[in-house]
Amino acid sequence: MPNLYTNKESNIHKTWLLFAVFLMAVIGIGWVFTQIYGNPSILIFAVIFSIGMSITSYWFSDQIVLRMANAEPVSRENARELYNVVENLAITAGLPTPKIYIINEAAPNAFATGRDPQHAVVAVTTGLLERLDRSELEGVIAHELSHVGNRDMLVSTVAVVLIGFLSIASNFFMRSLWWGGGRRDDRNGDNGILLLIGIAFAILAPIVGTLMQLAISRKREFLADSSGALLTRYPDALISALEKISSDPTPLPVANNTTAHLWFEDPFKDGPRTSWLHKLFMTHPPVEERIAALKGLKV
Amino acid sequence: MTTLYIVLGALAVLVLWVIAAYNGLVRLRNRAQEALSDIDVQLKRRYDLIPNLVESVKGYMAHERGVLENVTKARTAAMQAGGDPLQRDKAESQLSNTLKTLFAVSENYPDLKANANFLDLQRELADTENKIQASRRFYNTMVMDLNTRIQTFPTNFIASSFGFAAQKFFETTNANEREAVKVQF
């Protein structure tokens, strides 16, 4: 059974690994830059800038996302049932009770964010409260609390740092090729190969990075589904919540590309998506696959 | 010379492993301990709610003095039972049962069911009941982690030589305790 401790530890280890990979990539790219231009200072500035931005957004993620989603805080008095559901599941998971917010939207959906369990936030839309019964609501909240307990915010933030850095580096590289093209003739012949490698890397790296980030996001969704189901010991409720939410056609205007991965279900409804290419670019696994995974679960 | 270094190296690894395994067991045991005291918090909340409930019900249920007395008695018994929540589990489930009887009997008093204060307390107690269950389940998870570590190879050697004992789970002994107090609106 999942709790505050189990996945947190492995996630933190993986985050350090990601950071290590990230640092090696920075050093490697820095070396290539030095070879080609003899001066990596702009790159270093870009790296520091992107790390700073990402850490800021990680630290203030709760406030930023809540502002973006127009979420209103609720207390025990004005949303008693929701409050009790969240509080009781938090006790079962061994987490402090997160702050609870309601988003005034008809589309049923929910998300959790916050840098650590002490600053965690769970937000649900009014549509979710209207359409789901108590056990389905418990399923959704358990899924969100699993994200909090598993420290998924930490993992996804580090992934975003990595992608952000890769995009900046490749962008910078391509631009400098365009503007500083003449300089490479002064150097020796080795630069030609390095340059080709650099171009290939600059084009591929951000794409591969984005795919990796999305793959991580989908994996975390599966994990949160199964941890959440183990928390309530009732996967059927989560299955029926998933069915209700995915069959609901109401759009969610407060969601956008930067927050899409946070929601309980993909907030963009664009019909059935089955091609493998499309799947690669999804923030959430297809609902059918999530349901199939939950049905195969032995609780 | 090389053999000596290999032996010394292997010994150092072994010692480090013993330290890590021992510390891991201590950490798991402390988590289970903490989870147990979290149950106490919820049980105390129930003790605190009961006098108010009895007070608000007294006027309406003059003919059911026995039911009210049972609740009060069970509360006192649970509070005086002493020990951790696991040790007074019997007294606590006795208390749950008397509360259940009280709420069942209250169905016969329409005036009482119109009383906002009573309804509020009833809801609070139902929620507390859920929270007690939730904290027990968290404790059980922690105990499962600890017991698995104590019983599996190779940490079982460390556990037995330092006296770590497998701990008991909370089990719902009687069938009607599986269900929380029903609330009707």
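Above this text you will find the structure in question.
Residues numbered from 1 in each chain as written. Chains lettered and ligands numbered in written order. Predicted model: local features only at pLDDT ≥ 70, side-chain atom pairs only at ≥ 80, totals over all residues.

J.: Give me the lowdown on the overall build of chain B, citing residues and values where you can.
T.: Secondary structure summary: chain B contains 6 helices and 0 strands in total. Of the regular secondary structure in chain B, the N- to C-terminal order runs α-α-α-α-α-α. For chain B, the C-alpha radius of gyration of 24 Å lies well beyond 16 Å, the compact-globule estimate for 185 residues. Considering chain B as a whole, with its 185 residues, one finds that 26% of them fall into the buried category. (Helix = DSSP H or I, 4+ residues; strand = E, 2+ residues; numbered from the N terminus. Rg over C-alpha atoms; globule rule 2.2 N^0.38 Å. Buried ≥ 20, exposed ≤ 12 C-beta atoms within 10 Å, placed from the backbone.)

J.: I'd like a rundown of the overall build of chain A, residues and numbers included.
T.: Of the regular secondary structure elements, chain A holds 11 helices and 4 strands. Per-residue burial over chain A gives 39% buried out of 299 residues. Long-range contacts, defined here as pairs at least 24 residues apart, represent 74% of the contacts in chain A between residues at least 6 apart. (Contact = placed C-beta atoms within 7 Å.)

J.: Hey, could you go over the interface of chain B and chain A for me, with residue numbers and the actual values?
T.: Residue-level contacts link 11 residues of chain B with 8 residues of chain A. The set of elements that each furnish at least two residues to the side of chain B that touches chain A consists of helix H1 (2–58) and helix H5 (116–151) of chain B. Per element, the largest residue contribution to the side of chain B that touches chain A is 9 residues, and it comes from H5(B). Residue composition of the side of chain B that touches chain A, grouped by class: 4 nonpolar, 3 polar and 4 charged. (Nonpolar A, V, L, I, M, F, W, Y, C, P; charged D, E, K, R; others polar.)

J.: Account for the pairing of strand E2 (residues 99–103) of chain A, naming residues and giving values.
T.: Residue and element names in this part refer to chain A. When strand E1 (residues 71–73) meets E2, the two strands line up antiparallel, connected through 3 bridges. Of the residues in E2, the one forming a bridge with Glu72 is Ile102. The pairing of E2 with strand E4 (residues 121–125) spans 5 bridges and is parallel. In the sheet register, Ile100 faces E4, and the bridge partner there is Val122. (Pairing = 2+ DSSP bridges.)

J.: Break down helix H4 (residues 80–93) of chain A for me, with residues and values.
T.: One turn of an α-helix holds 3.6 residues; hence residues three or four places apart share an orientation. The first and last C-alpha atoms of H4(A) sit 20 Å apart over 14 residues, in line with the 20 Å expected at 1.5 Å per residue. A:Gly94 sits one or two positions beyond H4(A) and adopts a positive phi of about 75°. (Expected span 1.5 Å × (residues − 1).)

J.: I'd like a rundown of the sheet that holds E2(A), residues and numbers included.
T.: Residue and element names in this part refer to chain A. Within the open sheet, the 4 strands sit side by side as E1-E2-E4-E3. Their pairing is mixed. Among the strands making up the open sheet, the edge pair consists of E1 and strand E3 (110–113). If you compare each strand with its neighbour and ignore which way they point, the axes differ by 25° on average. Pairing analysis gives 4 bridges linking E3 to E4, with the strands arranged antiparallel. Bridging across to E4, Thr113 finds its partner in Val121. (Axes fitted to C-alpha atoms, helices over the stretch in contact; angles between N-to-C directions.)

J.: Summarise unusual backbone geometry; cite the residues concerned and give the values.
T.: Among all residues save glycine, negative phi is the norm, and among peptide bonds the norm is trans. Cis geometry marks the peptide bond from B:Phe153 to B:Pro154; its omega dihedral reads 0°. Here B:Pro154 lies in the loop between H5 and helix H6 (155–161). Of note, A:Asn70 is a non-glycine position whose phi angle comes to about 55°, a positive value. Relative to the helices and strands, A:Asn70 is located in the loop between helix H3 (61–68) and E1. Even without being a glycine, A:Arg233 presents a positive backbone phi close to 55°. On the neighbour-count criterion, A:Arg233 (12 C-beta atoms within 10 Å) is exposed.

J.: Explain the nonpolar core to me, using residue names and the numbers behind them.
T.: Residues and elements named next belong to chain A. In this structure, Leu89, Ala123, Ile141 and Leu145 are the most contacted members of the largest nonpolar core, which totals 60 residues. Excluding its chain neighbours within four sequence positions, the residues that come into contact with Leu145 are Leu89, Ala90, Ala93, Leu95, Ala112 and Leu231. Of all hydrophobic cores here, the second largest spans 14 residues; its members include Val158, Ile163, Phe165 and Ala202. (Core = buried A, V, L, I, M, F, W, Y, C linked by C-beta atoms within 7 Å.)

J.: Could you give an account of the packing of H4(A) against helix H6 (residues 134–149) of chain A, naming the residues involved and the relevant values?
T.: Residues and elements named next belong to chain A. Between H4 and H6, whose axes approach to 9 Å, the crossing angle comes to 50°. The orientation of H4 with respect to H6, classified from their angle, is oblique. Judged by the sense of rotation from one axis to the other, the crossing of H4 with H6 is right-handed. Between H4 and H6, the residues in contact are Val85, Val86, Leu89, Ala90 and Ala93 and Arg134, Leu137, Glu138, Ile141, Ala142, Leu145 and Gly149, respectively. Taken together, the residues of the contact of H4 with H6 sort by class into 9 nonpolar, 1 polar and 2 charged. (Parallel < 35°, antiparallel > 145°, perpendicular 65-115°, else oblique. Left-handed = near helix turned anticlockwise from the far one by under 90°.)

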